[in-house]
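# Tertiary structure, described
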Amino acid sequence: MYKTGLIRLLFNFEAKNKHDLYLHYYNVGKLISIAPKVKDHLYIELVNYNNINFDRSLNSPTQQIIKQSTTGSEINEKVEKIYNDLFFSWSEIDKKMKIEKKQQIELDDSESPSLNVQANIEPLKRLENIFFNYYQILYNENPRLNVSIIPLDLIKQQEHKEININNEIDILFLDNSMNKFEQENELKLINGKFINNNNNNNNNNNNNNNNNNNNNISIKSIDSTSISTDFSYPKHFYEQSEIGKNLTKWTPPFKGVVLGGTFDRMHPGHKVMLTMAALVCSDYMEVGITDNSILTSKKYSELITPFEFRTEKTLNFLKLINPSVEYNMLKLVEPYANTMTSKKLECIVISPEVYRTAIKINTVRRESKLKPLEIYSISYFDTPHQGDDVKLSSSYLRELDFKEMMKNKQQQQQ
């Protein structure tokens, strides 16, 4: 098992029909294949990619791939089930989209409708669902695995800035159908996007003899055996020369965005929220992090990590998603910070339980003759691993840590 890993997945931001959804079958297979291989942190480079041959070259995986299975049937059946549940039916996705649009309207400010959010709600929710589904797949496989999904070639007119990864990568997962030349090209593409803050190069030989002392990020080894041929991208549509070409990119609809939270034990629900906040913002973001002094009423509050730690971790994650934004990290000792007075803010990103707070902010802004904030509400992140709560929560994760601490303490006393 590796401590840290990196994999590159393709997705099509301009997905319009069921053919575009077939791409997710390969991605689900890759994720299920590598999830047991990484212990601590898995980075996923999610590349916006639009090959003009998608529509005519991707046949249904359930017809084309499953019949040609060369791996054990158990993993293929598992991947097929997950794919069918999440991506297979375009009509089901449209049905889910209508429900989410309705929920967005219900969580809007009726006195100041969020017109810009409404105009972009379909691509926003499609993006949110992709991140939600991929995080959910991996969380269900291994709740303790730290996962970071990083969208690339997605944001329009984004100033090029390298993405900072603080740890060197133990393993890069590649399709086993790639030859050595193709593997080297993958490394070049990845090195063009990432830099390693540790500024150290690793000279250990890897199992493919791919050493490069000039790498921006230190990748120790390549694993081209974990992903079977069944889940390798077909050669006829994965053309590396097409990366970055013919793309429809996303234009963030707001210059100034705000959100807040405790962000203790950062989990996939936090990451989906932070990802969407970073994707709707082009210039400036205020991020309120609740100070420990006002968290004493929370369950297992004594286990909440210090404000400084939570702030740094939240900022580092946001920079992975959109490094071009200016992030202003604020200490919250009350719920509102600058939201009621700032002229730079245009949108607030919330989860459903803080809807009333957003409405109160807009009421005060209207009274002060300031433009109300548009409201974008993300969906709750639910999973079988969330206890009795309606969503995955930091309180539940603290409870698990507390029980583990008590168990270890009892074992030491025996």
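All values reported here derive from a predicted model rather than from experimental measurement.

Looking now at the overall build of the chain. The helix and strand inventory of the chain stands at 13 helices and 12 strands. Going through the 414 residues of the chain one by one, you find that 54% of them count as buried. Contacts in the chain between residues at least 24 apart in sequence constitute 82% of all its contacts with a sequence separation of at least 6. For the chain, the exposed area adds up to about 19,400 Å²; of that, 47% sits on carbon and sulfur atoms.

Here we come to the confidence of the model for the chain. Residues with a pLDDT of 70 or more make up 81% of the chain, whose mean pLDDT is 83. Looking across the chain, the model is least confident in helix α3 (residues 54-57), with a mean pLDDT of 52, and most confident in strand β11 (residues 347-350), with 98. In this model residues 197-215 is a low-confidence stretch, pLDDT under 50, and it forms 35 contacts with partners more than four residues away in sequence or in other chains.

Next up on the list: the nonpolar core. Residues M285 and V349 are the most contacted members of the largest nonpolar core, which totals 96 residues. Excluding residues that lie within four positions of it along the chain, V349 makes contacts with V257, V258, L259, M273, A277, V280, Y376 and I378. Within the second largest apolar cluster, 11 residues are counted, among which are M340, L345, I348 and I361.

Before going further, it helps to spend a moment on the sheet that holds strand β2 (residues 38-48). A sheet is described by the order of its strands in space; here five strands give the open sequence β3-β2-β1-β5-β7, paired in parallel fashion. Because the sheet does not close on itself, it has two edges, and the strands there are β3 (146-152) and β7 (219-223). Strand-to-strand twist across the sheet, computed as the mean angle between neighbouring axes with direction ignored, equals 25°. Inspection of the sheet shows strand β1 (residues 2-11) paired to β2 by nine bridges, in the parallel sense. Residue pairing across strands places L10 opposite V47, the latter belonging to β2. Relative to β3, helix α8 (residues 121-141) is tilted by about 150°, and along the sheet it contacts β1, β2 and β3.

Here we take up helix α2 (residues 23-34). Under the 1.5 Å per step criterion, the end-to-end length of α2 is 17 Å for 12 residues, consistent within 8% with the ideal 16 Å. With 12 of its 12 residues buried, α2 lies for the most part within the structure. The complete set of buried residues in α2 reads L23, H24, Y25, Y26, N27, V28, G29, K30, L31, I32, S33 and I34.

Moving on to the pairing of β2. Extensive coverage of β2 is indicated by the burial of nine of its 11 residues. Of the strand pairs in this sheet, β2 and β3 are connected by seven bridges, and their pairing is parallel. Of the residues in β3, the one forming a bridge with H41 is N146.

Our next topic: the pairing of strand β8 (residues 254-261). Extensive coverage of β8 is indicated by the burial of six of its eight residues. Two elements, β8 and strand β9 (residues 281-290), share seven bridges in a ladder whose sense is parallel. Each residue of the ladder has a partner; that of V257, found in β9, is M285. As for the winding sense of the linkage, the β-α-β connection from β8 through helix α10 (residues 268-279) to β9 is right-handed.

The next subject is the packing of α10 against helix α11 (residues 307-321). Between two packed helices, what matters for the description is the angle formed by their axes and the separation of those axes. In contact at an axis separation of 9 Å, α10 and α11 are set at 50° when each is read in the N-to-C sense. Taken as axis vectors, α10 and α11 run oblique relative to one another. Handedness of the α10/α11 crossing: right-handed. Contact residues: α10 offers K271, L274, T275, A278 and L279, while α11 offers T314, F317, L318 and I321. Class assignment for the residues of the contact of α10 with α11 results in six nonpolar, two polar and one charged.

So, about the packing of aromatic side chains. This model, assessed by the stated rule, comprises nine aromatic pairs. Centre to centre, the rings of F13 and W250 are 6.1 Å apart; their planes meet at 70°, and the pair counts as edge-to-face. Taken together, the residues span a long stretch of sequence, with F13 in the loop between β1 and α1 (18-21) and W250 in the loop between β7 and β8 at a distance of 237 residues. Each of the two residues, F13 as well as W250, counts as buried. When the centroid spacing of 4.9 Å and the interplanar angle of 35° are considered together, the rings of Y300 and F402 count as tilted. Of the two residues, Y300 is situated in the loop between β9 and α11 and F402 in helix α13 (residues 394-413); the sequence distance between them amounts to 102 residues. Clustering of aromatic rings is evident, with ring pairs tying together Y25, Y26, Y83, F231 and Y233.

How each quantity is defined
- Residues numbered from 1 in each chain as written.
- Predicted model: local features only at pLDDT ≥ 70, side-chain atom pairs only at ≥ 80, totals over all residues.
- Heavy atoms only, no water.
- Helix = DSSP H or I, 4+ residues; strand = E, 2+ residues; numbered from the N terminus.
- Buried < 20%, exposed > 50% of the residue type's maximum accessible area, 1.4 Å probe, protein only.
- Contact = heavy atoms within 4.5 Å.
- Areas by Shrake-Rupley, 256 points an atom, 1.4 Å probe, with all protein chains shown as cover.
- pLDDT = per-residue confidence, 0-100.
- Core = buried A, V, L, I, M, F, W, Y, C linked by side-chain atoms within 4.5 Å.
- Pairing = 2+ DSSP bridges.
- Axes fitted to C-alpha atoms, helices over the stretch in contact; angles between N-to-C directions.
- Expected span 1.5 Å × (residues − 1).
- Right-handed = clockwise from strand over helix to strand, strands pointing away.
- Parallel < 35°, antiparallel > 145°, perpendicular 65-115°, else oblique.
- Left-handed = near helix turned anticlockwise from the far one by under 90°.
- Nonpolar A, V, L, I, M, F, W, Y, C, P; charged D, E, K, R; others polar.
- Phe/Tyr/Trp six-rings, centres within 6.5 Å; stacked < 30°, edge-to-face > 60°.

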